[in-house]
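Structure at a glance
One-letter residues, chain by chain:
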Amino acid sequence: GRRLSRATAGLLLALAGCDSGFGQATARHLDAMGFQVFASVLDPQGPGAKELRRSCSPRLTLLQMDLTKPEDIQRVLQHIQAHTNSTGLWGLVNNAGFNDTIADAELSPLGKFRTCMEVNFFGSLELTKGLLPLLRSAGGRIVTVSSPAGDLPFPCLAAYGASKAALSLLMDTFRSELQPWGIKVSLVLPGYYKTGTTCDPAFWNLQKQRLVASLPRELLQAYGEDYVEEINRQFIQFMKVAVEDLSAVVNSITDGLLAANPAVRYYPGQGLGLMYFIHRYLPYFVRDLFLKGFFINPKLPRALRREHHDDAKKA
């Protein structure tokens, strides 16, 4: 799309979730373009924050924020308000995301669903609401990184997917409600990219061990420990296809901020067109088979296996 003609210098942007991945790459890109960027990080002493300090101009402001802590969000809001009251805020990028469970919904602890909602949904909601007065005064932009997992029922991603589904719907609602104010709202739904801990097998092996240890005995017997092992093995295998070059996502976010007519939804990444085509036009069972083939295809739970029934009969 045609870029805005207004000068980039002095345009103020707030980015949430810049410790690694899309947020960090986007913060660097926008800083290099001459914007004044407020970048929030979970850990101001972490490698991501250090990298931003090293590679960005003095214009970039790093702010510590944990989206599960309202006091952190308030502190960031106050800081941004104090520095943008006269100018307003041109753009907000909601990018912070969290997931640390790959398992069936029945096997995923309720607390994991809550944490995903807390970070991916409520945190973004609170930040967006807090910055809306500044965005309204600038007639600015909101760009939110969601996930295809919020549109399609990926196996073993229920906690994460449900929170992203809520986030996508929220942003669609904001889009129609904020139209009269001249605010444009875009969603970015990336394919699978190498970001943060998402591609560290050691991290996922540890999460798997914690999950198995936390499961009620009856549930673990019904599904079998090897069932959870197999899901984890397939997921670690799937990680190998993760794309390292984040530029397609960074370009989508930038377009959402700067194009005269930004898209409502961006789909950077391989294979998403086919996935959405199957989702929209073909029967559900085809879609479910495709998602299993593409992502994770769990083995049969232990209680449903033939040898289990044979053993039970002998007993």
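As recorded in an unreviewed UniProt entry, the protein chain goes by the name 11-beta-hydroxysteroid dehydrogenase type 2, listed as coming from Aptenodytes patagonicus. Per its UniProt entry, the protein chain bears the Pathway (unreviewed entry) comment "Steroid metabolism."

1. Topic: the sheet that holds strand β5 (residues 141–145)
Taking strand neighbours across the sheet as the criterion, the 7 strands line up as β3-β2-β1-β4-β5-β6-β7 in an open arrangement whose pairing is parallel. Two strands lie at the open edges of the sheet, namely β3 (61–64) and β7 (265–266), each paired on one side alone. Two elements, β5 and strand β6 (residues 184–188), share 5 bridges in a ladder whose sense is parallel. Counted as the bridge partner of Val145 is Val188 from β6. In this fold helix α1 (residues 21–32) packs onto β1 (12–16), β2 (36–41) and β5, with an angle of close to 165 degrees to the strand it touches most, β1.

2. Topic: the pattern of salt bridges
Overall, the coordinates contain 14 salt bridges when judged by the stated rule. Between Glu51 and Arg28 there is a salt bridge; the shortest N-O distance is 3.3 Å. Pair noted here: Glu51 is in helix α2 (residues 47–55) and Arg28 is in helix α1, with a separation of 23 residues, a long-range link. Taking the relative accessible area as the measure of exposure, Arg28 reaches 34% and is therefore partly exposed. Measuring nitrogen to oxygen at the nearest pair gives 3.5 Å for the salt bridge that ties Asp172 to Arg175.

3. Some details on the nonpolar core
Core analysis: the biggest nonpolar cluster contains 63 residues, and Ile80, Leu131 and Ile142 have the highest contact counts within it. Counting residues per element, this core draws most heavily on helix α4 (residues 110–138), which supplies 8 residues. Contacts of Ile80, omitting those with residues within four sequence positions, involve Ala14, Phe38, Leu63, Leu89, Leu131 and Leu134. With 27 residues, the next largest nonpolar core counts Val145, Tyr193, Leu246 and Leu258 among its residues.

4. A short note on helix α3 (residues 70–84)
Because an α-helix packs 3.6 residues into every turn, residues spaced three or four apart end up facing the same way. Across its 15 residues, α3 extends 21 Å between first and last C-alpha, which sits within 8% of the 21 Å expected from 1.5 Å per residue. Those residues of α3 lying buried are Asp72, Ile73, Val76, Leu77, Ile80 and Thr84. Looking straight down α3, one finds that the buried residues subtend no more than 130 degrees of arc, so they occupy a single side. Every exposed residue of α3 that faces more than 90 degrees away from the buried side is listed here: Glu71, Gln78 and Ala82. Contacts from the buried residues of α3 go to β1, β2, β3 and α4.

5. A short note on the packing of helix α10 (residues 272–281) against helix α11 (residues 284–294)
For the pair α10 and α11, interaxial distance at closest approach is 8 Å and the crossing angle is 155 degrees. Classified by the interaxial angle, the pair formed by α10 and α11 is roughly antiparallel. The handedness of the crossing between α10 and α11 is left-handed. Here Leu274, Met275, Ile278 and His279 of α10 lie close against α11, whose contacting residues are Val286, Arg287, Phe290, Leu291 and Phe294.

6. A word on unusual backbone geometry
With phi around 70 degrees, Cys156 is a residue other than glycine that occupies positive phi space. Along the chain, Cys156 falls in the loop between β5 and α5 (158–178).

7. Looking at the packing of α4 against α5
Contact geometry of α4 with α5 gives a least axis separation of 7 Å together with a crossing angle of 20 degrees. Viewed along their axes, α4 and α5 adopt a mutual orientation that is roughly parallel. In terms of crossing hand, the pair formed by α4 and α5 is right-handed. Residues Lys112, Phe113, Cys116, Met117, Asn120, Phe121, Ser124, Leu125, Thr128, Lys129 and Leu132 of α4 touch α5, and the partners they reach there are Ala158, Ala159, Tyr160, Ala162, Ser163, Lys164, Ala166, Leu167, Leu170, Met171, Phe174 and Leu178. Among the residues making up the contact of α4 with α5, the classes are represented as 16 nonpolar, 4 polar and 3 charged.

Quick notes on the rules
Residues numbered from 1 in each chain as written. Predicted model: local features only at pLDDT ≥ 70, side-chain atom pairs only at ≥ 80, totals over all residues. Heavy atoms only, no water. UniProt positions renumbered as here; feature names shortened; annotations may be inferred. Pairing = 2+ DSSP bridges. Helix = DSSP H or I, 4+ residues; strand = E, 2+ residues; numbered from the N terminus. Contact = heavy atoms within 4.5 Å. Axes fitted to C-alpha atoms, helices over the stretch in contact; angles between N-to-C directions. Salt bridge = Lys/Arg side-chain N within 4 Å of Asp/Glu carboxyl O. Buried < 20%, exposed > 50% of the residue type's maximum accessible area, 1.4 Å probe, protein only. Core = buried A, V, L, I, M, F, W, Y, C linked by side-chain atoms within 4.5 Å. Expected span 1.5 Å × (residues − 1). Arc of directions from axis to C-beta. Parallel < 35°, antiparallel > 145°, perpendicular 65-115°, else oblique. Left-handed = near helix turned anticlockwise from the far one by under 90°. Nonpolar A, V, L, I, M, F, W, Y, C, P; charged D, E, K, R; others polar.

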